[in-house]
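Structure assessment
For reference, the chains in residue letters:
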Amino acid sequence: MKATEVLADAFGRIREAVHDVVENLSAEELHARVGPEANSIAWLVWHLTRIQDDHIADAAGEEQLWQAAGWRERFGLPFPAAATGYGHTPQEVAEVRVDDGDLLLGYLDAVHDRTTAFVRGLAAADLDRVVDERWDPPVTLGVRLVSVLADDLQHAGQAAFVRGVLRNG
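Read on for a plain summary of the structure. All values reported here derive from a predicted model rather than from experimental measurement.

**Concerning the pattern of salt bridges**
With the rule as written, the count across this model stands at eight salt bridges. Asp 9 is paired through a salt bridge with Arg 13; the nearest N and O atoms lie 2.7 Å apart. Here Asp 9 pairs with Arg 13, and both are found in helix H1 (residues 3-22), just four residues apart, close to one helical turn. Accessibility expressed as a relative area gives 52% for Arg 13, which makes it exposed. Between Glu 62 and Arg 114 there is a salt bridge, and its shortest N-O distance comes to 3.3 Å. Taken together, the positions of Glu 62 in the loop between helix H3 (41-60) and helix H4 (65-68) and Arg 114 in helix H7 (residues 101-120) put the pair 52 residues apart, joining distant regions of the chain.

**Let's talk about the layout of surface pockets**
There is about 520 Å³ of room inside the largest pocket. Sorting the residues of the lining of the largest pocket by element identifies H3, helix H6 (90-94) and helix H8 (141-168) as the ones contributing at least two each. Of all the elements, H3 adds the most residues to the lining of the largest pocket, at six residues.

**Things to note about H1**
Here H1 is 20 residues long and its end C-alpha atoms lie 29 Å apart, about the 28 Å a rise of 1.5 Å per residue gives. At its buried positions, H1 is contacted by helix H2 (27-31), H3, H7 and H8. Asn 24, located one to two residues past H1, shows a positive phi value of around 70°.

**Remarks on the packing of H3 against H8**
Packed helix pairs are specified by the crossing angle of their axes together with the interaxial distance, meaning the distance between the axes. Two elements in contact, H3 and H8, have axes separated by 9 Å at closest approach and are oriented at 170°. If you check the angle between H3 and H8, you find them roughly antiparallel. Each residue belonging to the contact of H3 with H8 can be placed in one class, and the counts come to 13 nonpolar, five polar and five charged.

**Concerning unusual backbone geometry**
In the segment running from Asp 136 into Pro 137, the intervening peptide bond is cis, with an omega of 5°. Note that Pro 137 resides in the loop between strand S1 (130-132) and strand S2 (139-140). Backbone geometry places Asn 24, a non-glycine residue, at a positive phi of 70°. Here Asn 24 shows up in the loop between H1 and H2.

**A word on the packing of aromatic side chains**
Throughout the structure, instances matching the rule amount to six aromatic pairs. Taking the centre distance of 6.1 Å and the plane angle of 65° together, the rings of Trp 46 and Trp 66 count as edge-to-face. With Trp 46 in helix H3 and Trp 66 in helix H4, this pair connects stretches of sequence that are 20 residues apart. Each member of the pair, Trp 46 as well as Trp 66, carries the same accessibility label: buried. Between Trp 66 and Phe 75 the ring centres are 5.2 Å apart and the planes differ by 50°, which places this aromatic pair in the tilted class. The exposure class of Phe 75 is buried, given its relative accessible area of 6%. Three or more aromatic residues joined by ring pairs make a cluster, and in this case those are Trp 46, Trp 66, Trp 71, Phe 75, Phe 79 and Tyr 107. Lying over the aromatic face of Trp 71, Arg 74 brings its terminal NZ or CZ to 3.8 Å of the ring centre.

**Comments concerning empty space enclosed by the protein**
One pass over the structure, following the stated rule, counts one cavity of 30 Å³ or more. Here the largest cavity is characterised by a volume of approximately 30 Å³. Here the residues of the lining of the largest cavity are counted per class, giving five nonpolar, no polar and one charged.

**Brief notes about the nonpolar core**
Ranked by size, the top nonpolar core spans 47 residues in total, and within it Val 18, Ile 41, Trp 46, Phe 75 and Leu 145 carry the most contacts. Residue assignment for this core shows that the elements contributing at least two residues are H1, H3, H4, helix H5 (71-75), H7 and H8. Per-element tally for this core: the top contributor is H3, with nine residues. Setting aside its immediate chain neighbours within four residues, Trp 46 contacts Trp 66, Phe 75, Leu 77, Phe 79, Ala 83, Thr 84, Gly 85, His 88, Val 96 and Leu 104.

About the thresholds
Residues numbered from 1 in each chain as written. Predicted model: local features only at pLDDT ≥ 70, side-chain atom pairs only at ≥ 80, totals over all residues. Heavy atoms only, no water. Salt bridge = Lys/Arg side-chain N within 4 Å of Asp/Glu carboxyl O. Helix = DSSP H or I, 4+ residues; strand = E, 2+ residues; numbered from the N terminus. Buried < 20%, exposed > 50% of the residue type's maximum accessible area, 1.4 Å probe, protein only. 1 Å grid on protein atoms, 1.4 Å probe; cavity = no way out; pocket = protein on both sides within 12 Å on 5 of 7 lines; lining within 4 Å. Points joined across faces, edges and corners; volume = space filled by probe spheres on them. Expected span 1.5 Å × (residues − 1). Contact = heavy atoms within 4.5 Å. Axes fitted to C-alpha atoms, helices over the stretch in contact; angles between N-to-C directions. Parallel < 35°, antiparallel > 145°, perpendicular 65-115°, else oblique. Nonpolar A, V, L, I, M, F, W, Y, C, P; charged D, E, K, R; others polar. Phe/Tyr/Trp six-rings, centres within 6.5 Å; stacked < 30°, edge-to-face > 60°. Lys NZ or Arg CZ within 6 Å of the ring centre and 35° of its normal. Core = buried A, V, L, I, M, F, W, Y, C linked by side-chain atoms within 4.5 Å.

See the structure below:
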């Protein structure tokens, strides 16, 4: 199995996990927070999708779908276009509001489709390409993809936990 196939499979697992969390939730459940400084499911899913969109677009040399495909306008959030949720305060977390999960899943699916197409089009040697020289050692594409996977899986798990608390007490 090629490394790019493993990466594509891993991104597919994020998509599956998020769909399992979001499907059939009410707007109230999407925005519920288990504590005053906790993240909501809506924020967690929006954030993990924004991170994937931001990082994959950068690696691919393309514009983010957030702006290019009109997702920013559809969400209507009060943040700058480049916002990904990184460093958001509890008050900003509360501002991520959506009417239903279909909007979150639509954005996730669009980003997932582009991500898997990008990853499947890579050769093994592409994973060694340096994509960020601000770090020591510089970050390669392979390391960046694993970083996105780790971050997204962590947030998908957090969202699943919140759903479990909400549905099972």
